[in-house]
Amino acid sequence: LATAPVGSPSHNVDGFVREFLHELNTNQGVTLSASSLNDQYLALASTVKNYLMARWLETGLKTRAAKVKTVGYLSAEYLLGRQLDNALLASDLADIAEKGLELCGIDLADLRVQEVEPGLGNGGLGRLAACFIDSLATMDVPSIGYGIRYEYGIFRQTFVDGRQVEQPDTWLALGAPWEFPHPESAVQVHFGGHTERYADDGGQERTRWVPSWNVLAVPYNYMVPGYLNGRVNTLRLWSAQATKAFDLQIFNSGDYAQAVRAQTFAENISKVLYPEDSTPQGKELRLQQQYFFVAASLRDFIDHELEPGFDLHRLPERITFQLNDTHPVIAVPELMRILIDEHGFDWDEAWEVTRQCFDYTCHTLLPEALEVWPTELLGRLLPRHLEIIFQINDQFLSLVRQTYPGDEMLARRMSMISEHPERGVRMAFLATVAASRVNGVAELHSQLLRDKVLPDFSSLWPEKFTNVTNGVTPRRFVRLSNPLLSELITDTIGAGWLTDLERLKELEPYADDPQFRERFAAVKAANKHRLTDLLRARDGIDLPDGHLLDVMVKRLHEYKRQSLKLLHIVSLYEQVISGKISAADLTPRTVVFGAKAAPGYRMAKDTIHLINKVAAKVNAAPELEERLKIAFPANYNVTLAETLIPAADLSEQISLAGMEASGTGNMKFALNGALTIGTDDGANVEIRRLVGDKHFFLFGMDEPAVSALGAKGYNPGSCYEANPQLKATLDLILSGHFSDGDRHLFDSVVYNLLNQDRFMALADFQAYVDTQAKVEERYADQEAWTRSTILNVARTGYFSSDRSMRDYLQRIWHTSPML
Ligand SMILES: CCc1ccc([C@H](C)CC(=O)N[C@@H]2O[C@H](CO)[C@@H](O)[C@H](O)[C@H]2O)cc1
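Residues numbered from 1 in each chain as written. Predicted model: local features only at pLDDT ≥ 70, side-chain atom pairs only at ≥ 80, totals over all residues. Heavy atoms only, no water.

## Section: the overall build of the protein chain
- Check the secondary structure of the protein chain and you find 32 helices and 25 strands.
- Taking 28 Å as the expected radius of gyration for a compact globule of 819 residues, we find that the protein chain reaches 27 Å, a close match to that expectation.
- Projected onto the principal axes, the alpha-carbon positions of the protein chain cover approximately 90 × 75 × 65 Å.
- A buried classification covers 61% of the 819 residues belonging to the protein chain.
- Contacts in the protein chain between residues at least 24 apart in sequence constitute 76% of all its contacts with a sequence separation of at least 6.
- Summed over all atoms, the accessible surface of the protein chain reaches about 30400 Å², with 53% contributed by carbon and sulfur. (Helix = DSSP H or I, 4+ residues; strand = E, 2+ residues; numbered from the N terminus. Rg over C-alpha atoms; globule rule 2.2 N^0.38 Å. Buried < 20%, exposed > 50% of the residue type's maximum accessible area, 1.4 Å probe, protein only. Contact = heavy atoms within 4.5 Å. Areas by Shrake-Rupley, 256 points an atom, 1.4 Å probe, with all protein chains shown as cover.)

Encoded structure:
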């Protein structure tokens, strides 16, 4: 009894209804008739959890008993999306729940929308982490995701007069049914203070850290259910709690604010997600967040996942930690500290273990996105860790000097310690030195990492560098978000594709089958109607019927070039209102934007404002005869993506070549039957190679051309002067046409393009608009278009996150599923 998990409720409608009503009464304390929609949703969530609980407990027991190697995924972000449908799918309860709730007079669809998605991430990196843990569970790989349970996730975006306004993300307000708090397993995390030397009883000189303050890290466990396999892995998110609740003495002395100050200070650590996704703000609280979850996770794994007395010399046999970018890299000196200061290892022993326990994935190419923490701050917050980082660096530089004797320039270049503008630690260098493997997230990205970002390291350790191209989970981004397409696929090639996505290849012959094409096109049309209904209800946006849906959804960043998309629209508009072309020449098109800007990113916010002002004008322009529309639903997130992506015809992946590490939206669009217009950047390169040039709208400079132009010296003004249509387009914006005559409202955006244009939007403008004309040509031939979309689906099974996990298992983690 003690260890055997209790049985699950019976897997049928009766069993479900009994469990649901039981949860409603006992958990929510209401009768069915008195229950609110939120009560019913919370009761449903608990019911589904109860069906998965036995698997979760069995997984824990089985994995612990097997003493196998676990994958520990360390990520500061997890963009999970709504949990209900995924849990129903994984437990094969969807139909039973639908029927059972119907018997109770409840529509599952009404409960589905009650759930507020946990927005514990910014964009690509956070969503990738969520896809990866889903695949690890579905592939039966023992793994634990570790992260932070932010009380407030990514801000809620609203538009006021077309400007982005951020609202706090109160995702916990109506309850968080999917988490299991375990305050009894809280661990202490220390900060500040100083270090001191002492002689241990063997007379050995040792160092101890004497911290000055600490907080409690309380674990909240989330189920990560595999798809229809017995495994339920765990996602453990840490929440900060004051070690000492409010100070009664100070309280009684009347200084109430002071009494609770320590408490609020401590709990601030997991209060809110930093909404930046490219430029680190270097804030102390951010470093506190990084060390907080890393220290709690290492402590938790060593104390709670390993059997007591486990010899930590063998730690690499039991865990491999994947560093999701540099954000968790403080884990390296933390493990060294634990092994040396707490377990008496000497330096070499500790380093031997540590360097086998970490691997590092880099997710960016932007130099400004690489974290450098000032030694002043590190020394104040984590004095022992700074000492250890200096020692790791000394050890490393002596290797460099040995390998390249006399090349002091190289040693200075490779040092983890940068001297300018202030003394700091280059976290990407620390990660690269400590990790067994360093990987980029797409072939081009991994090559640029070797050649441009970390060239010295890749020539020192060529074997350390590898590539694992990103992927997305087909459970959420095909099966759940596109049920009609899933049904058509399963009808055609059977059900196995959901856990073996490359089987989509079997669809290829059907591209030439007019009946199949018809059914395929009908699915897209139905998805468009579903989107139309959603945007009308959610944003009061009316999507016109029968338009080419041209979709650009991703974080707002200049390198992603939403401005280029906007120039295309304004150019079409300008040509019509100036009579160069007539509206009838336009292919009816609606451009859908979705994008959040980091609150401190001025240019990104101005670009959002401009898009909304252009939208207001274009959508009201009679000259266009309803043939060109812009829709910009606010608060783009995972839930909106799940309805938007299956409805799209055209996927905009137009970043400047060499800037987008991979992209994952590009994969989701192709897998849902949209054609891509894109540059040879990130994973676009691999998508184009697999779908074939005829089924991908390539345009613009590739990475070598971009570097050549940059080296030669790029003058955006010359593009403006040389291209009359581009000139007319920019002049129309400068004229105040979209800003009620205010000629200067968008000076920041336009003059930045005319004078700097760091991401060469003007240089790629003509190629882009010419390629958009090809898109319109192809779209006119619906049979040919549909054929291409079918081939895109058939040929992009490679972009499953299951395949990414297989690559990590084989190339990096050297462990395997527990089948
Ligand atoms: C410290 C500020 C900060 C926060 C987040 C990041 C992330 C690395 C940014 C990010 O999300 N990168 C995206 O990662 C995706 C998953 O690998 C890629 O597909 C995208 O191309 C990349 O932009 C950088 C800097």
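## Focus: the site of the ligand
- Residues in contact with the ligand amount to 20 residues; listed here are only the nearest, H363, N470, E660, S662 and G663.
- The separation between an oxygen atom of the ligand and a polar side-chain atom of N470 is 2.8 Å.
- S662 is positioned such that a nitrogen or oxygen atom in its backbone is 2.9 Å from an oxygen atom of the ligand.
- Burial of the ligand by the protein chains amounts to 95% of its free accessible area of 570 Å².
- Tallied by class, residues from the shell around the ligand come to six nonpolar, eight polar and six charged.
- Both domains that meet at the shell around the ligand, namely domain 1 (67–82 + 117–469 + 806–813) and domain 2 (506–780), each give it at least three residues. (Near = heavy atom within 4 Å. Polar contact = N/O pair within 3.5 Å; in protein donor to acceptor, adjacent residues only side chain to side chain. Nonpolar A, V, L, I, M, F, W, Y, C, P; charged D, E, K, R; others polar. Domains from an automatic or database assignment.)

## Thoughts on a negative patch on the surface
- Together, D92, D95, E98, E102, D107 and D110 make up a negatively charged patch on the protein surface.
- Looking at which element gives the most residues to the negative patch, the answer is helix α4 (residues 94–103), with three residues.
- Within the fold, E102 resides in helix α4. (Patch = residues over 30% accessible without salt bridge, like charges linked within 9 Å, V, L, I, M, F, W, Y side chains within 5 Å. Salt bridge = Lys/Arg side-chain N within 4 Å of Asp/Glu carboxyl O. Lys, Arg positive; Asp, Glu negative; His and termini not counted. Charge placed at Lys NZ, Arg CZ, Asp CG, Glu CD.)

## A closer look at the nonpolar core
- Residues F292 and F396 are the most contacted members of the largest nonpolar core, which totals 147 residues.
- Excluding anything up to four places from it in sequence, F292 contacts V189, F191, V215, L216, A217, W238, S239, A240, I269 and S270. (Core = buried A, V, L, I, M, F, W, Y, C linked by side-chain atoms within 4.5 Å.)

## Notes on the sheet that holds strand β22 (residues 628–631)
- Spatially, β22-β21-β20-β23-β24-β25 is the arrangement adopted by the six strands of the open sheet, whose pairing is parallel. A strand with exactly one partner marks an edge of an open sheet, and here the two such strands are β22 and β25 (697–698).
- Pairing between strand β24 (residues 675–678) and β25: two bridges, direction parallel. When the sheet's bridge partners are listed, G678 is paired in β25 with L698.
- The sheet contacts of helix α22 (residues 602–619) involve β21 (589–594) and β22, and relative to β22 the element is tilted by about 145 degrees.
- Helix-sheet contacts for helix α31 (residues 782–794) involve β23 (650–653), β24 and β25, and the interaxial angle to β24 is about 85 degrees. (Pairing = 2+ DSSP bridges. Axes fitted to C-alpha atoms, helices over the stretch in contact; angles between N-to-C directions.)

## Some points on the packing of helix α20 (residues 514–539) against α31
- Closest axis-to-axis distance for the α20/α31 pair is 10 Å, and the angle between their directions is 80 degrees. In terms of orientation, α20 and α31 fall into the roughly perpendicular class. Within the contact between the two elements, α20 uses F516, R517, F520 and A521 and α31 uses E783, T786, R787, T789, I790 and V793.
- The residue inventory of the contact of α20 with α31, partitioned by class, reads five nonpolar, two polar and three charged. (Parallel < 35°, antiparallel > 145°, perpendicular 65-115°, else oblique.)

## What to know about helix α16 (residues 443–453)
- Along α16, the residues that are buried comprise H445, S446, L448 and L449. For α16, the arc enclosing every buried residue in end-on projection is 160 degrees, short of the 170-degree limit, so these residues lie on one face.
- Residues of α16 that are buried sit in contact with β18 (438–440), α17 (455–460), β19 (465–467) and α26 (703–712). (Arc of directions from axis to C-beta.)

## Some points on the packing of aromatic side chains
- Inspection of every chain in the model, using the stated rule, returns 25 aromatic pairs.
- Between F132 and Y808, the ring centres sit 5.6 Å apart and the planes meet at 65 degrees, which makes this aromatic pair edge-to-face. Highlighted residues: F132 in helix α6 (residues 124–138) and Y808 in helix α32 (residues 801–813), separated in sequence by 676 residues.
- Centroid distance W209 to Y291: 6.3 Å. Interplanar angle 70 degrees. Geometry classified as edge-to-face. (Phe/Tyr/Trp six-rings, centres within 6.5 Å; stacked < 30°, edge-to-face > 60°.)

## A look at the domain arrangement of the protein chain
- Here the protein chain is partitioned into domain 1 (67–82 + 117–469 + 806–813) and domain 2 (506–780).
- Distance between the C-alpha centres of domain 1 and domain 2: 36 Å.
- Area buried by domain 1 at its contact with domain 2 is led by Q157, F159 and L444, which between them contribute 18% of it.
- Where domain 1 packs against domain 2, one counts four salt bridges.
- One salt bridge in this structure joins E443 and R689, with 2.6 Å as the shortest N-O distance. (Buried area = accessible area lost by both parts, 1.4 Å probe.)

## With respect to the pattern of salt bridges
- All told, the structure shown has 57 salt bridges when counted by the stated rule.
- Of the charged contacts in the structure, one is a salt bridge between R337 and E342, with a shortest N-O distance of 3.1 Å.
- With a closest N to O distance of 2.6 Å, R401 and E408 form a salt bridge.
- Judged by its relative accessible area of 37%, E408 is partly exposed.
- Among the ionic contacts, a cluster of salt bridges with common partners joins D550, K565, R589, E652 and E776.

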